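# Structural features, examined
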Amino acid sequence: TQTTRPQRILAAVQKNATRGDPRSVVKAIDQFCRHKEWAMNVGDEKGCILDSVVTEVNPATVLELGTYCGYSTVRIASLLPSHAKLITLEFDPGNAAIARQVIAWAGLADKIQLVEGASGDWIPKLKEKFGIETFDLVFLDHWKDRYLPDTKLMEECGLLRKGSILLADNVICPGTPDYLEYIRNSPRYKSQYFKSHLEYTKAEDGLEKSVFLG
Ligand SMILES: O=C(NC/C=C/[C@H]1O[C@@H](n2ccc(=O)cc2)[C@H](O)[C@@H]1O)c1cc([N+](=O)[O-])cc(O)c1O
Ligand SMILES: [Mg+2]
């Protein structure tokens, strides 16, 4: 019977990556997606920009919207300080099941809380459920039409503080025009565009980094 793309990504990790070595997990997925089968991971080129932002922010609390197979989850968590926590939201149970195994292979399960469900349902519950005050860093990489409503929801729920960083994938391809328009014109944010390429391709894409000003 036919396997799914996430199942094939997990198989590539289990075949080519070393248990407990997050960078080898990242490399195994990039090799597979560049040479065997494209998949919507943030990828190696934009991943370097992600790494530099994570390192600069050195966050104690991170929210990721859109786990998929856990590529960026592992990439971010591998750079976090020891007591830092990353919460990642995943809607599709099949993707979540794969991501849990990728995260476990990387040896990062103790840093990561994978929550299954819709961002719109879970964002209002994160404070009470996980004892979170605010997020130092939010990585947006889920459904592109959810970036704007979820950003407004995070504001309303008091999950952002002065200096919180939002980092959004795919602001060019597939594109998030309503989010970009809002975030670039709002007096409550200072934004910066990091030009790059769509993962594993020559097409333009980029990351938008925005600081919440309070
Ligand atoms: O569509 C894209 N991403 C959508 C991601 C969606 C992921 O977020 C989850 N989610 C989690 C929580 C939710 O509330 C909703 C969905 C979904 O279950 C899925 O796992 C995309 C597409 C391209 N592309 O080239 O076409 C490139 C990219 O880098 C992309 O990120
Ligand atoms: Mg993406």
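Refer to the structure printed above.
Residues numbered from 1 in each chain as written. Chains lettered and ligands numbered in written order. Predicted model: local features only at pLDDT ≥ 70, side-chain atom pairs only at ≥ 80, totals over all residues. Heavy atoms only, no water.

The subject of this paragraph is the packing of aromatic side chains. Taken as a whole and judged by the stated rule, the model has five aromatic pairs. Considering the side-chain rings of Trp122 and Phe130, the 6.4 Å spacing of their centres and the 40° angle between planes classify their relative orientation as tilted. Accessibility expressed as a relative area gives 16% for Trp122, which makes it buried. Overall, Phe130 belongs to the partly exposed group, its relative accessible area being 25%. (Phe/Tyr/Trp six-rings, centres within 6.5 Å; stacked < 30°, edge-to-face > 60°. Buried < 20%, exposed > 50% of the residue type's maximum accessible area, 1.4 Å probe, protein only.)

In the first shell of the magnesium ion (ligand 2), the protein supplies Asp141 (OD), Asp169 (OD) and Asn170 (OD1), at 2.0 to 2.2 Å from the metal. Between consecutive donors of the magnesium ion (ligand 2), the numbers of intervening residues give the motif D-x27-D-N. Comparing Asp169 with Asn170 shows no difference in burial state: the two are buried. (Donors = N, O, S within 2.8 Å, 3.2 Å for Na, K, Ca; no water.)

Time to look at the site of ligand 1. Among the 21 residues in the neighbourhood of ligand 1, the closest are listed as Glu90, Ser119, Lys144, Asn170 and Glu199. With respect to ligand 1, the backbone of Ser119 contributes an N or O atom lying 2.8 Å from an oxygen atom. A distance of 3.2 Å separates an oxygen atom of ligand 1 from a polar side-chain atom of Asp169. In isolation ligand 1 exposes 660 Å². Once the protein is present, 86% of that is buried. (Near = heavy atom within 4 Å. Polar contact = N/O pair within 3.5 Å; in protein donor to acceptor, adjacent residues only side chain to side chain. Areas by Shrake-Rupley, 256 points an atom, 1.4 Å probe, with all protein chains shown as cover.)

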